[in-house]
Amino acid sequence: MSCPRIEVDLGKIRRNTQTLVARLGPRGIRVTGVTKAVCGHPAIAQAMLDGGASGLADARISNVQRLRSAGMTGSITLIRTPMSSQADQVAQSCEASYNTEILVISALAAAAIRNSSVHGIILMVEMGDQREGILPENLADITQQVMQMPGLALIGIGANFACLSGLAPTTLQMSNFSDLANEIEGACGPLLKVVSGGNSANLPWALGERATGRVNDLRLGEAILLGVEPVSGKQIGGMHTDAFTLVAEVIESNAKPAPAAIALVGPNLARRRIAQVSGVSKRFIVAIGHQDTDILGISMPDGSTLIGATSDHLVIGTSRPLPKVGSEVRFQMNYNALMHSMAAPDVKVKLLGTPPTTPSRDIQGKSDHLVLV
Ligand SMILES: *Cc1c(COP(=O)(O)O)cnc(C)c1O
């Protein structure tokens, strides 16, 4: 089988989505499946829909177009504020987009009119992450402006946490966000269809003791794909953390005299060398490198340690019997490694599990056994 490759267990992605949908549903929160880490891979997106996600979202228009070309007809939202240079493409392929800039919003209005469609606007509010967002004090004013623009429909507000700051949302921030939804409705009139509270970092809050207020949507990528909560990196109970496996081939396997002294090559960590002080080291090389993944984000096999990596080689030391040349080594990936590998041109994607048949939800829950496709 071709290497390097990522094996994707679609059944685990579907079940992870089902688990989150089942836990969040009773709290009035829908799940929007975020596909950016898998570059809008259509079968993975379909597994999210089959698991009960109410829609899809991605950060890049190229990924959205990939989903549309594969025949996805459901709702897709752009979660990164659009480039105004891409306004026409956004109006053509996305139901709605998250926005923070009135200039971009006007470009979208013009594009929607050219496209004879109505584009949904969700205003992203800055609630503390210090990445994108409209300041709460400016929200009412911008809401008014959006409501007056033809070609647009204001459908909601959103918040985002933990992406830049690494800080999970607090109960107070979340209740402020709900208050803001009420204030906007009070001041401007429209019922906000979408009050999107954040990403996977919101799960401890959303599944916690306190009431979730006005929030009726979360945009979830990492939790669905990797079964973890991103701030702590911990597994979410009942979720699969091994839906993705990176598989690479051994191209050299031997014992080498360890270097006698530390040789520091290159100033940055990416070129670090771990020095061995004495003896013979058992080491093998697999045919992946910095070009294929985030080396620091992959797990080493049992009994093995990372010696170093270059653009195309990964050198691993082991205390176990050496693997044969031509054999395969399997790695689990964190989010950065997954994102990097899914976008790497030489890494193939191999789907395991039931393939989605039609873009409908009818197959939900059926055929949980794994088959190779
Ligand atoms: C990436 C992203 C998400 C999804 O984040 P996860 O941590 O993968 O759940 C949600 N919203 C926005 C705006 C994003 O950029």
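Scroll up to find the structure this text is about.
Quick summary incoming for the structure in this document.

As a packed pair, helix α6 (residues 136-148) and helix α7 (residues 171-188) sit with axes 10 Å apart at the nearest point and diverge in direction by 45 degrees. The angle between α6 and α7 places the two elements in the oblique class. Remark: the crossing between α6 and α7 carries right-handed chirality. Along its contact with α6, which presents Pro 136, Leu 139, Ala 140, Thr 143, Gln 144 and Met 147, the element α7 presents Leu 180, Ile 184, Ala 187 and Cys 188. In the contact of α6 with α7, the residues fall into eight nonpolar, two polar and no charged.

The ligand sits among 14 residues. The nearest are Lys 36, Ser 200, Arg 219, Gly 221 and Glu 222. Between a nitrogen atom of the ligand and a side-chain N or O atom of Asn 160, the distance comes to 3.5 Å. Note that an oxygen atom of the ligand is positioned 2.8 Å from one of the backbone N or O atoms of Glu 222. For the ligand, the protein covers 94% of the area, taking 380 Å² as the surface of the free molecule. In terms of residue class, the shell around the ligand is made up of five nonpolar, four polar and five charged.

One way to put it is that helix α1 (residues 10-24) packs onto helix α2 (residues 42-50) with a least axis distance of 7 Å and a crossing angle of 35 degrees. You can see that α1 and α2 cross each other, and the crossing is right-handed. Of α2, the residues touching α1 (which contributes Leu 10, Ile 13, Arg 14, Thr 17 and Gln 18) are Ala 43, Ile 44, Ala 47, Met 48 and Asp 50. Looking at the contact of α1 with α2, its residues break down into six nonpolar, two polar and two charged.

Going through the model one piece at a time under the given rule, you end up with nine salt bridges. A salt bridge links Glu 328 to Arg 5; its shortest N-O distance comes to 2.9 Å. With Glu 328 in strand β16 (residues 328-331) and Arg 5 in strand β1 (residues 5-9), the pair connects residues that are 323 residues apart, well separated along the chain. Given the relative accessible area of 36%, Glu 328 is considered partly exposed. Overall, Arg 5 belongs to the buried group, its relative accessible area being 2%. Its salt-bridge partner being Arg 330, residue Glu 7 comes within 2.7 Å of it at the nearest N-O pair. Of this pair, Glu 7 sits in strand β1 while Arg 330 sits in strand β16, placing them 323 residues apart in sequence. Judged by relative accessible area, which is 9%, Glu 7 ranks as buried. Taken together, the shared-partner salt bridges in this structure form one network comprising Arg 5, Glu 7, Glu 328 and Arg 330.

Most of strand β14 (residues 304-309) sits out of view: five of its six residues are buried. Taken together, the five bridges between β14 and strand β15 (residues 314-318) define a ladder with antiparallel strand orientation. If you follow Leu 306 over to β15, its bridge partner there is Ile 316. Hairpin geometry of β14 and β15 is characterised by an intervening segment of four residues between the two adjacent antiparallel strands.

Cut-offs used in this document
- Residues numbered from 1 in each chain as written.
- Predicted model: local features only at pLDDT ≥ 70, side-chain atom pairs only at ≥ 80, totals over all residues.
- Heavy atoms only, no water.
- Axes fitted to C-alpha atoms, helices over the stretch in contact; angles between N-to-C directions.
- Helix = DSSP H or I, 4+ residues; strand = E, 2+ residues; numbered from the N terminus.
- Parallel < 35°, antiparallel > 145°, perpendicular 65-115°, else oblique.
- Left-handed = near helix turned anticlockwise from the far one by under 90°.
- Contact = heavy atoms within 4.5 Å.
- Nonpolar A, V, L, I, M, F, W, Y, C, P; charged D, E, K, R; others polar.
- Near = heavy atom within 4 Å.
- Polar contact = N/O pair within 3.5 Å; in protein donor to acceptor, adjacent residues only side chain to side chain.
- Areas by Shrake-Rupley, 256 points an atom, 1.4 Å probe, with all protein chains shown as cover.
- Salt bridge = Lys/Arg side-chain N within 4 Å of Asp/Glu carboxyl O.
- Buried < 20%, exposed > 50% of the residue type's maximum accessible area, 1.4 Å probe, protein only.
- Pairing = 2+ DSSP bridges.

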